[in-house]
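What follows is the residue order along each chain.
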Amino acid sequence: MTRLHVLGDRLRPPSLATPSSSRCARRDEDTSRDMADYLLARSEGAIGELAHLLTDATVAAIESGEEAITQRTLLMAPYTGPTERRRLFERELA
């Protein structure tokens, strides 16, 4: 299986990677970790919640014309996490 390196918004095979692209790949890896931490926190670790968040972010990305899930489109997504939904529900009961 060929590994691909993430360079900016593109995937390239290792044979096309250069020393400067390796720096980009490390920076992208850090960004990917940050994104993973953000997704985990916002979905509270539940797979179903993550699926809802990504679905909402996908719709936001398409509607905005960005056509990529980014931090911006994640913030645009109308997703409400389980803790916030519980708070809203409890307020309605009060």
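A few points on the structure. (Residues numbered from 1 in each chain as written. Predicted model: local features only at pLDDT ≥ 70, side-chain atom pairs only at ≥ 80, totals over all residues. Heavy atoms only, no water.)

1. Some words on the environment of glycine 81
Tracing the chain through its elements places glycine 81 in the loop between α3 (71-76) and α4 (82-93). The class of glycine 81 is buried, set by a relative accessible area of 13%. Sequence spacing of glycine 81 and glutamate 44 is 37 residues, and the spatial spacing of their C-alpha atoms is 7.4 Å. If we skip the residues at most four places from it in the chain, glycine 81 touches Arg42 and Glu44. (Helix = DSSP H or I, 4+ residues; strand = E, 2+ residues; numbered from the N terminus. Buried < 20%, exposed > 50% of the residue type's maximum accessible area, 1.4 Å probe, protein only. Contact = heavy atoms within 4.5 Å.)

2. Regarding the side chain of arginine 42
Mapping arginine 42 onto the fold places it in helix α1 (residues 19-43). For arginine 42, which is buried and forms no salt bridge, the nearest opposite charge comes from aspartate 56, at a distance of 7.2 Å. A polar atom in the side chain of arginine 42 sits 3.3 Å from the backbone oxygen of tyrosine 79. If we skip the residues at most four places from it in the chain, arginine 42 touches Leu53, Leu74, Leu75, Ala77, Tyr79 and Gly81. (Lys, Arg positive; Asp, Glu negative; His and termini not counted. Salt bridge = Lys/Arg side-chain N within 4 Å of Asp/Glu carboxyl O. Polar contact = N/O pair within 3.5 Å; in protein donor to acceptor, adjacent residues only side chain to side chain.)

3. Some points on helix α2 (residues 47-64)
If you check α2, its first and last C-alpha atoms are 25 Å apart, about what 18 residues at 1.5 Å a residue would give, namely 26 Å. At the C-terminal side of α2, glycine 65 shows a positive phi close to 85 degrees. (Expected span 1.5 Å × (residues − 1).)

4. Quick look at the pattern of salt bridges
Summed over the entire model, instances satisfying the criterion amount to 3 salt bridges. The partner of glutamate 84 in a salt bridge is arginine 87, and the shortest N-O contact between them spans 3.5 Å. With glutamate 84 and arginine 87 both in helix α4, this residue pair falls 3 residues apart, about one helical turn. Take glutamate 84: its relative accessible area is 30%, and that puts it in the partly exposed class. With relative accessibility at 45%, the residue arginine 87 sits in the partly exposed group.

5. With respect to the nonpolar core
Grouped together as the largest cluster of nonpolar side chains are 6 residues: Leu39, Leu53, Ala57, Leu74, Ala77 and Tyr79. Leaving out residues up to four positions away in the same chain, leucine 53 has contacts with Leu39, Arg42, Leu74 and Tyr79. (Core = buried A, V, L, I, M, F, W, Y, C linked by side-chain atoms within 4.5 Å.)

None of the figures reported here should be taken as evidence of function without further support.
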